[in-house]
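The primary structure of each chain is shown beneath.
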Amino acid sequence: MKFPAICILLAAAIPGIALAETPQQILQSHVAEAARQTPGFSPSAQRGQEFFGKKFGASEKMPACSTCHTDNPAQAGRHIITKKNIKPLAPAANAERFTDVAKVEKWFRRNCKEVVDRECSAAEKADFIQYLIEVR
Amino acid sequence: MGGLKPVRVWDLPVRLGHWLLAGGFILAWLTGDSEEWRLIHVYAGSAAMAVALFRVGWGFIGSHHARFSSFVRGPAAALAYLKSLGSLSPRHYTGHNPAGGLAILGLLALAIATGASGWLAYQELYGDWVASLHESLSHLLLALIALHLAGVAAGSLAHGENLVRAMITGRKQGATADDIRHSRPLAAVVLLVWVVAASWWLAQ
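As the structure is a prediction and not an experimental result, all values here were calculated from the model.

Turning our eyes to something else, we now look at the overall build of chain B. For chain B, the helix and strand inventory stands at eight helices and two strands. Listing every helix and strand of chain B by position from the N terminus yields β-α-α-α-α-α-α-α-β-α. Compactness check: chain B gives a C-alpha radius of gyration of 18 Å against a globular reference of 17 Å for 204 residues, within 12% of the reference. Referenced to the eigenvectors of the C-alpha coordinate spread, the extents of chain B come out at roughly 55 × 35 × 25 Å. In chain B, buried positions account for 31% of the 204 residues. Of the contacts made within chain B by residues no fewer than 6 positions apart, 74% connect residues no fewer than 24 positions apart.

Written as structure tokens, this is what we have:
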């Protein structure tokens, strides 16, 4: 008699077991959001790479993503202030990247605010992730 | 206030430590999300934790009103005190009142736990969960600080005594016998040296 209840409980618990997302899934959710704002949107690794290297100038010490993450996100970076190593951003070099949507959004929120001086748009995030997925 | 006059209650390490802890927390809180201010955040948080650690030791060897044995009472005493605040004759304590005493234990524990988890996160010794724990603890600490400030305001009004000024001058209303007579400036120098050394070491 208790079996159906257990099944329901298990089914309810499965999302809580943190089924890790893939970079593709996280990319697609941003693509979908960007397409809602701009019909026909398609992510571009080229635009993502330009965004990654662009000197926004909001922060004097950290003008661009590449300031700390280097020009090649498949390599380890170095925090310009603390001099600490930063693991590669590209999933090809670091399989943990872009597998936890909460973590991804937290760092977009924090770093965009500081480096770009505003929140990044869904389109910018989609391009950014597209670039990182492709970079080797 | 019959028979009460301003007497020395808070020694220099208590006062200096209090304001260093407050300043360290404010600075660390404001710089928490910034990478550009990351080192300042680490130094400020380390200094706050170092002050809290010193205060624990000072709670055993400090002057009378600084000692835990003089102000840590049970939750029943804290409740009784809070109830008396609403009455016409609130019970006055020369040192910390029982509710404030409990808040101090919580504030010190949270300051140390927040600093320790922040240090672990900065050293990247464990996973991302340490950073999450650090954030949660800092929010708890902020909430308890808000409660502490509300208590200071309520106590100041109830007793007609400026408790913020007391934490600067060290003087409160009390009986002559409660006067600590010595403000321990040398221990305050030790505190300063300890905070500088500990935060320098922790930020490595």
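On to the overall build of chain A. Within chain A, the secondary structure is distributed over six helices and two strands. In chain A, the succession of α and β elements from N to C terminus is α-α-α-α-β-β-α-α. When the 136 residues of chain A are sorted by exposure, 26% land in the buried category. Sequence-distant contacts, at least 24 apart, represent 55% of the contacts inside chain A between residues at least 6 apart.

This paragraph deals with the interface of chain A and chain B. The interface of chain A with chain B comprises nine residues on the first partner and seven residues on the second. Considering only residue class, the side of chain A that touches chain B consists of two nonpolar, three polar and four charged.

For the rest of this paragraph, the subject is the nonpolar core. Generally speaking, a soluble globular protein has its nonpolar side chains buried in company with each other. Residues and elements named next belong to chain B. Ranked by size, the top nonpolar core spans 32 residues in total, and within it Leu 21, Ala 47, Ala 48, Val 51 and Ala 111 carry the most contacts. Listing elements by their share of this core, those giving two or more residues are helix H1 (12-30), helix H2 (38-61), helix H5 (98-122), helix H6 (128-159) and helix H8 (185-202). With nine residues, the single largest contributor to this core is H2. Once residues within four sequence positions are removed from consideration, Ala 111 is found in contact with Leu 21, Ala 48, Met 49, Ala 52 and Leu 141.

Another aspect to go through is helix H2 (residues 23-37) of chain A. Residue and element names in this part refer to chain A. Compared with the 21 Å implied by 1.5 Å per residue over 15 residues, the 21 Å span of H2 between its first and last C-alpha is a close match. Considered for burial, the residues of H2 that qualify are Ile 26, Leu 27, His 30, Val 31 and Ala 34. For H2, the buried positions fall inside an angular range of 140° around the axis, keeping them on one side. In H2, the exposed positions that point more than 90 degrees away from the buried face belong to Ala 32 and Arg 36. Contacts made by the buried residues of H2 are with helix H5 (101-116) and helix H6 (122-134).

To continue, consider unusual backbone geometry. Residues and elements named next belong to chain A. One non-glycine residue, Thr 70, lies in the positive phi region at around 65°. Counting through the fold element by element, Thr 70 comes out in the loop between helix H4 (65-69) and strand E1 (77-78). With 16 C-beta atoms packed within 10 Å, Thr 70 lands in the partly exposed category. Residue Lys 83 is not a glycine yet carries a positive backbone phi of 65°. Mapping Lys 83 onto the fold places it in the loop between E1 and strand E2 (85-86).

The subject of this paragraph is the packing of H2 of chain B against H5 of chain B. All names here are of chain B. At a minimum axis distance of 9 Å, the contact between H2 and H5 shows a crossing angle of 140°. Here H2 lies oblique to H5, going by the angle between them. Crossing hand, H2 versus H5: left-handed. Only Leu 108, Ala 111, Ile 112, Gly 115, Ala 116, Gly 118 and Tyr 122 of H5 make contact with H2, whose side of the interface consists of Val 42, Gly 45, Ser 46, Ala 48, Met 49, Ala 52, Leu 53, Arg 55 and Val 56. Counted by class, the contact of H2 with H5 contains 11 nonpolar, four polar and one charged residues.

Quick look at the confidence of the model for chain B now. Summary statistics for chain B give a mean pLDDT of 95 and a share of 99% for residues scoring 70 or more. ipTM for the predicted complex: 0.80, alongside a pTM of 0.89.

Residues and elements named next belong to chain B. At a minimum axis distance of 8 Å, the contact between H1 and H8 shows a crossing angle of 30°. Taken together, H1 and H8 sit at an angle that is classed as roughly parallel. Across the interface between the two elements, Leu 12, Pro 13, Leu 16, Gly 17 and Leu 20 from H1 touch Pro 185, Ala 187, Ala 188, Leu 191 and Val 195 from H8. Looking at the contact of H1 with H8 residue by residue, the class counts come to nine nonpolar, one polar and no charged.

Rules behind the numbers
- Residues numbered from 1 in each chain as written.
- Chains lettered and ligands numbered in written order.
- Predicted model: local features only at pLDDT ≥ 70, side-chain atom pairs only at ≥ 80, totals over all residues.
- Helix = DSSP H or I, 4+ residues; strand = E, 2+ residues; numbered from the N terminus.
- Rg over C-alpha atoms; globule rule 2.2 N^0.38 Å.
- Buried ≥ 20, exposed ≤ 12 C-beta atoms within 10 Å, placed from the backbone.
- Contact = placed C-beta atoms within 7 Å.
- Nonpolar A, V, L, I, M, F, W, Y, C, P; charged D, E, K, R; others polar.
- Core = buried A, V, L, I, M, F, W, Y, C linked by C-beta atoms within 7 Å.
- Expected span 1.5 Å × (residues − 1).
- Arc of directions from axis to C-beta.
- Axes fitted to C-alpha atoms, helices over the stretch in contact; angles between N-to-C directions.
- Parallel < 35°, antiparallel > 145°, perpendicular 65-115°, else oblique.
- Left-handed = near helix turned anticlockwise from the far one by under 90°.
- pLDDT = per-residue confidence, 0-100.

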